[in-house]
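# Structural features, examined
So the chains spell out like this:
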Amino acid sequence: MTSTTPDPTATTDPAGNTPTATTDPATTTATDPASVPAASVSASVPAASATPTPTPTPTPTPTPTPEAERLRRWRLVLGGGGADGTGCELRGRDAAMDGALASLYGREKGSGSKAPGGRRAAGLGASAPGVARWLGDIRTYFPSSVVQVMQRDAIDRLGLSALLLEPEMLEAVEADVHLVGTLLSLNKVMPETTKETARAVVRKVVEQLEKKLAQRTRATLTGALDRSARISRPRHRDIDWDRTIRANLKNYLPEYRTVVPERLIGYGRAAQSVKKDVVLCIDQSGSMAASVVYASVFGAVLASMRALDTRLVVFDTAVVDLTDQLDDPVDVLFGTQLGGGTDINRALAYCQSRITRPTETVVVLISDLYEGGIRDEMLKRVAAMKASGVQFVTLLALSDEGAPAYDRDHAAALAALGAPAFACTPDLFPDVMAAAIEKRPLPIPDMAEQR
């Protein structure tokens, strides 16, 4: 084995030994690695070519036990403090989630006690930058559906509606149907600098709803319109076999076990001309905000179908016909004025005056039926329209919020007239309209299930 030559500049330790670490690598002769101590080999290799030290394998985070996970969830629900009783400390992402929740539902920051009366006090404050940061945080930690609920709670619990008048705030908010309803209620007090941003937010939601609802609505109603137009000399593919067989049962031949179809009944082609008139009569009181949004979108979809002549009327104590704006549902929405009283009788009187083909008309009243006008006159108008052949549909709500609050006495009175009132989801609405167009029983959901 060849020994190494020490660097002349190397210093010795007090014992007279030359430190291996100062050896000149350039003068080192290759040796058998097996015969050199590991420390010497390590020290004689230049830093630039040194073998990288392996990265230590991180210790895997232990999977929490079911009991620990249960305590963690209870800790997030209870909001911390000495009274939560869990003894669970949150860290990292969980602590950040807890902070976002506490800002809305928990105690005030730095407060060791609850607000007066024992209720929880929220800590967002009225600062627009602070709220904007909070909105960014909740989008980071929670799914979109939860974000929308928390936004709604922040507006309702903390009175943050005024902050939505600021363009920067609107850009930070997760847009949904409920936010649109809030913006519409603020429309009249909204500054011009905010209106353009508000319209952009509303248009985004409307386009999402149209994309979701339009195709199925058109397909469902096109089929219903075709089936509602009967002809006596149909092409083979247009034959309504069920009605044709029933109409020819008298021609049944037992020996051949067959029916001779002397008279054919078929579907017409509704798109060639206007086949049905539809009137959407929408209550724009404050409680109907989500229904106004969905009804405006559906109104625009129905208006785009050539086989339907669609009219859209909104009302509170006054009546406004927005039919001319149906080509753009955003214009329809900003033409509404949420809030105020309700005069259903007056709105139905206007709709009734616009009906020219009763037997080919469907009237859809969307209202919670809290009538501020003349109740008996309202019921008489509904009875008169039904007697003339109008298909009359009453929707207590057109939204996905479950069973609404409504006037049960008025709902029962309408049901006695053959116009049952029920809440309808956006997904069910095309089927309801199809049944009304075909003059068959409406697919009424179980109100108990909606609760």
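The model shown is predicted, which means the values in this text are computed figures rather than measured ones. (Residues numbered from 1 in each chain as written. Predicted model: local features only at pLDDT ≥ 70, side-chain atom pairs only at ≥ 80, totals over all residues. Heavy atoms only, no water.)

## Quick look at the pairing of strand 6 (residues 308–315)
Short version of the rule: Buried means the residue's accessible area, taken with a 1.4 Å probe over protein chains only, is under 20% of the maximum for its type, while exposed means over 50%, and partly exposed covers the values in between. Numbered from the N terminus, helices here are DSSP runs of H or I no shorter than four residues, and strands are runs of E no shorter than two. Strand pairing is assigned whenever DSSP identifies at least 2 bridges connecting the two strands. Orient the strands so they point away from the viewer, and a crossover whose first-strand-to-second-strand path over the helix runs clockwise is right-handed.
Among the eight residues of strand 6, six are classified as buried, and the element is accordingly described as predominantly covered. Here eight bridges tie strand 5 (residues 276–283) to strand 6, and the two strands are oriented parallel to one another. Each bridged residue has a counterpart across the sheet, and for Val 278 the counterpart in strand 6 is Thr 310. Once you follow strand 5 into helix 10 (residues 289–303) and on to strand 6, the crossover reads as right-handed. By the bridge criterion, three bridges tie strand 6 to strand 7 (residues 319–321) in an arrangement that is antiparallel. Paired with Phe 315 across the bridge in strand 7 is Val 319. Taken together, strand 6 and the strand that follows it, strand 7, pair antiparallel across an intervening segment of three residues.

## So, the packing of helix 7 (residues 177–185) against helix 10
When two helices pack together, their arrangement is given by the angle between their axes and by how far apart the axes lie. The line we're drawing: Interaxial angles span 0 to 180 degrees and are taken between N-to-C directions of axes, which are lines fitted to C-alpha atoms, for helices over the stretch in contact. Roughly parallel covers angles under 35 degrees, roughly antiparallel covers those over 145, roughly perpendicular covers 65 to 115, and oblique covers all other angles. Whether two residues are in contact is decided by their heavy atoms, any of which lying within 4.5 Å being enough. The nonpolar class holds Ala, Val, Leu, Ile, Met, Phe, Trp, Tyr, Cys and Pro. Asp, Glu, Lys and Arg form the charged class, and all remaining residues, Gly among them, are polar.
Close contact between helix 7 and helix 10 brings their axes to 8 Å; oriented N to C, the two are set at 105°. Here helix 7 lies roughly perpendicular to helix 10, going by the angle between them. Of the residues in helix 10, those in contact with Val 177, Val 180, Gly 181 and Leu 184 of helix 7 are Ala 289, Ala 290, Val 293 and Tyr 294. Looking at the contact of helix 7 with helix 10 residue by residue, the classes come out as seven nonpolar, one polar and no charged.

## Considerations on helix 5 (residues 144–158)
Heads up, the condition is: Expected helix span is given by 1.5 Å per residue-to-residue step, counting one fewer step than there are residues. Directions from the helix axis toward the C-beta atoms define the arc.
For helix 5, spanning 15 residues, the distance from its first C-alpha to its last is 21 Å, which sits close to the expected 21 Å at 1.5 Å a residue. Within helix 5, the full set of buried residues consists of Val 147, Met 150, Gln 151, Ala 154 and Ile 155. Down the axis of helix 5, the buried set is contained in an arc of 135°. They therefore lie on one face.

## With respect to the confidence of the model for the protein
So the rule is basically this: Summary of the metric used: pLDDT quantifies the predictor's per-residue confidence within the range 0 to 100.
Of all residues in the protein, 73% attain a pLDDT of 70 or more, and the chain-wide mean is 76. Contacts from residues 1–50, a stretch scored under 50 in pLDDT, to residues over four places away or in other chains number 27 contacts. Throughout residues 107–122 the model reports pLDDT below 50, and contacts reaching past four residues in sequence, or to other chains, amount to 24 contacts.

## Brief notes about the nonpolar core
Nonpolar side chains tend toward joint burial in soluble globular proteins. As a reminder of what qualifies: Grouping buried Ala, Val, Leu, Ile, Met, Phe, Trp, Tyr and Cys residues that are joined through side-chain atoms within 4.5 Å yields what is termed a nonpolar core.
Grouped together as the largest cluster of nonpolar side chains are 77 residues, with contacts concentrated most on Leu 164, Leu 183, Val 364 and Phe 429. Take this core: its biggest share by element is 10 residues, from helix 8 (residues 192–228). Apart from the residues within four sequence positions on either side, Leu 183 is in contact with Leu 164, Leu 170, Met 190, Ala 198, Val 201 and Val 202. With 25 residues, the next largest nonpolar core counts Ala 347, Leu 365, Val 390 and Ala 419 among its residues.

## Some thoughts on the environment of Leu 213
In this fold, Leu 213 is placed in helix 8. Assessed through its relative accessible area of 5%, Leu 213 is described here as buried. A C-alpha to C-alpha distance of 7.5 Å links Leu 213 and Asp 427, two positions 214 residues apart in sequence. Not counting chain neighbours up to four residues away, the residues in contact with Leu 213 comprise Tyr 294, Phe 298, Pro 426 and Asp 427.

## Quick notes on unusual backbone geometry
Phi is mostly negative for residues that are not glycine, and the peptide bonds are mostly trans. One non-glycine residue, Arg 257, lies in positive phi territory at about 50°. Relative to the helices and strands, Arg 257 is located in the loop between strand 2 (252–253) and strand 3 (258–259). With relative accessibility at 71%, the residue Arg 257 sits in the exposed group. One non-glycine residue with positive phi stands out, namely Leu 369, at about 70°. Looking at the secondary structure, you find Leu 369 in the loop between strand 8 (361–366) and helix 13 (375–387). The buried category is assigned to Leu 369, whose relative accessible area is 0%.

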